[in-house]
Amino acid sequence: MLLVLFGMSYFNTQHHKLILCFLILGIFITVLFFPLKGADAKVADGSVIYQDLTDGIVALCIYHVKNGQTIVRIFSGTELKTHPSIHMEGYISGVVLLSTSSIEASVAGRPLRKVPIQTDGSLDLTKYGKFESDVLKVAFRNAEHSDFDFDRMSHFAGKYAWFPTVPGDPVSTQNRFSIILKDSRQSLEIPVFHTETIQLTLVFSEPDNIQYKMDFRYSGNDPEQFEIRDFETRVRAIAEGVRAVESILGQELVTSVNLLEYDGIYNALTCDGRNEIWFYTDIFWKESPEELRTIAEHETLHIFVDQGRLTKNTDLRELFADLRGMDDLSMDRFALITTGVFPSGARRTDSKTPDHILFAFINEMNFFKGKKGGHSRDSLEEFCVSFLHTLMYPDNLDHNLKSPVILPGGDLHILSTNNQMSLLADYLMVIEKLMNAAGANPAGKIMEAFLRDRLEKTRPLNNGVASK
Ligand SMILES: [Zn+2]
């Protein structure tokens, strides 16, 4: 139809009136036979055969983060019909969709997943809390959807959500992305605009004129703080921590460091299968650069442990179960050996046996003077990370064996000579088990050499302790 109309515009000027008539007729025919996408079309008896996709949408809930605070903005189907696009202040960190029929939906190319309803009638968004019907009641106070019973979320056939694995991460780093809704007949693309992620490539000079590049991303709406605070010192400390691990283990582990302006979390973390570290702004600005460096080392080691699949190693699982004092026939041991993790709740409850002192000894708060953190007892992964961290600083070992160990809860434990000997024997045994695990991995040759070196450095300490 468009081609015909364009063609007519080349007619001689004396046919202007005729062209105008054709044009009006063309538009009339177009509207009659080719209804606009999404508009209702009716057959002669008046029944609807083609319903607007938005008619089935109860609520599209956009979670957006502004000045660190998460705000939920809810769009009804009617609003989506009249708003060709969505513009949000801050950045978007997740989406919940409720509909009266099954719908396929995606946000920035990621498919929304079905969310099961909980016994209390809410939707469990895991790290993002619960989605409760009260939110809808407040949003739709003004009579729209008054026919819906918001007390029963089961009323809605479609309950979907998508949130990033890392809490507070943006759904897209770009300024614009799409939410696409689809059913068997039609699809609707909603363009969404939000605050894009600031992406920088930071270049650091190292000795011998070697340059080290690190991608840095900031999601938030206060980039001015980089100008007035000691941003460079902090980000350099993080880069140094990453580099320290990468150079010892001979591989690039971190491709980018992300900073999230997202309140309520005081932490840094990594995510399985990703080569990135996330810092929340609270910890980034409040901890000292020295502590940030230690945290960056710890997080980079998480990526190494994940990539090396160390927690999949049966010998290491057995060793961890032994150190945790798990009975040979206990369910916890069985779960740990077969799956690598404890059954839920076992993390803290199986403390009939006193904690092995090795856990506290290798925690960063003990092994690195003046530093914080470490929870090596929580999981095999945390144990491997903190243990490898101690191996990066072999000179601390001798001094730390002679120093009191701070136990969880704050009590000090003075290590007797016997304590020191058994601790050192266990320390050497863990290095050997890690060496075997590294040897089983084709990419583990550099790690194996690193561990062999540490084994040789640590063995002589045995004599020093025994001769006291
Ligand atoms: Zn950790």
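Throughout what follows, the structure given in this document is the object of discussion.

Considering the nonpolar core
Now for step 1: Among the nonpolar cores identified, the biggest contains 101 residues, and Val 95, Leu 97, Ile 238, Phe 279, Phe 320 and Cys 384 are the most heavily contacted of them.
Now for step 2: Per-element accounting of this core gives the leading share, 8 residues, to helix α16 (residues 417-439).
Now for step 3: Ignoring anything within four residues of it in the chain, the contact list for Phe 320 reads Leu 336, Leu 380 and Phe 383.

Brief notes about the packing of helix α8 (residues 289-307) against helix α14 (residues 380-391)
Now for step 1: It is the contact of α8 with α14, at a shortest axis distance of 9 Å, that shows an interaxial angle of 120°. In terms of their interaxial angle, α8 and α14 are classed as oblique. Regarding α8 and α14, the two cross each other, and that crossing is right-handed. Counting all contacts with α8, which are made through Glu 297, His 298, Leu 301, His 302 and Val 305, the residues of α14 involved are Glu 381, Cys 384, Val 385, Leu 388 and His 389.
Now for step 2: Taken together, the residues that form the contact of α8 with α14 break down as 5 nonpolar, 3 polar and 2 charged.

Some remarks on the environment of Ser 403
Now for step 1: Note on placement: Ser 403 falls in the loop between α15 (395-401) and β20 (405-406).
Now for step 2: Residue class for Ser 403 comes out partly exposed when judged on the 16 C-beta atoms lying within 10 Å of it.
Now for step 3: Separated by 12 residues in sequence, Ser 403 and Leu 415 have C-alpha atoms that sit 7.2 Å apart.

So, unusual backbone geometry
Now for step 1: Residue Ala 108 is not a glycine yet carries a positive backbone phi of 50°.
Now for step 2: Relative to the elements of secondary structure, Ala 108 occurs in the loop between β7 (104-107) and β8 (110-111).
Now for step 3: Residues other than glycine seldom take positive phi values, yet Arg 309 does so here, at roughly 50°.

Details of the sheet that holds strand β13 (residues 176-182)
Now for step 1: The mixed open sheet is built from 5 strands, whose spatial order is β5-β14-β13-β7-β8. A strand with exactly one partner marks an edge of an open sheet, and here the two such strands are β5 (86-87) and β8.

Overview of the sheet that holds strand β6 (residues 91-99)
Now for step 1: Pairing in this open sheet of 5 strands is antiparallel, and the strands run β4-β3-β6-β12-β9 from one edge to the other. Both outer strands of the open sheet, β4 (69-75) and β9 (113-114), are each paired with one neighbouring strand and no more.
Now for step 2: As paired elements, β6 and strand β12 (residues 158-162) share 5 bridges and run antiparallel to each other. The residue bridging Leu 98 from the neighbouring strand is Lys 159, located in β12.

Quick notes on the rules
Note on numbering: residues in each chain are counted from 1, in written sequence order. Local features are withheld for residues below a pLDDT of 70 in this predicted model, meaning they are given only at 70 or higher, and side-chain atom pairs are given and counted only at 80 or more; totals for whole chains, interfaces and linings count all residues. Each nonpolar core consists of buried Ala, Val, Leu, Ile, Met, Phe, Trp, Tyr and Cys residues. Their C-beta atoms, within 7 Å, join them into a set. Residues are called buried when their C-beta atom has 20 or more other C-beta atoms within 10 Å, exposed when it has 12 or fewer, and partly exposed otherwise; all C-beta atoms are positioned from the backbone. Helix and strand definitions follow DSSP, with helices as H or I runs of at least four residues and strands as E runs of at least two, each counted in order from the N terminus. What counts as a contact here is a pair of residues whose C-beta atoms, placed from the backbone, lie within 7 Å. Here, axes are lines fitted to C-alpha atoms. For helices the fit covers the stretch in contact, and angles between N-to-C directions go from 0 to 180 degrees. By the definition adopted for this analysis, an angle is roughly parallel if under 35 degrees, roughly antiparallel if over 145, roughly perpendicular if from 65 to 115, and oblique otherwise. Note: crossing handedness is left-handed where the near helix turns anticlockwise from the far helix by less than a right angle, and right-handed where it turns clockwise. Amino acid classes used here: Ala, Val, Leu, Ile, Met, Phe, Trp, Tyr, Cys and Pro are nonpolar; Asp, Glu, Lys and Arg are charged; the rest, including Gly, are polar. Between any two strands, at least two bridges found by DSSP are needed for them to pair.

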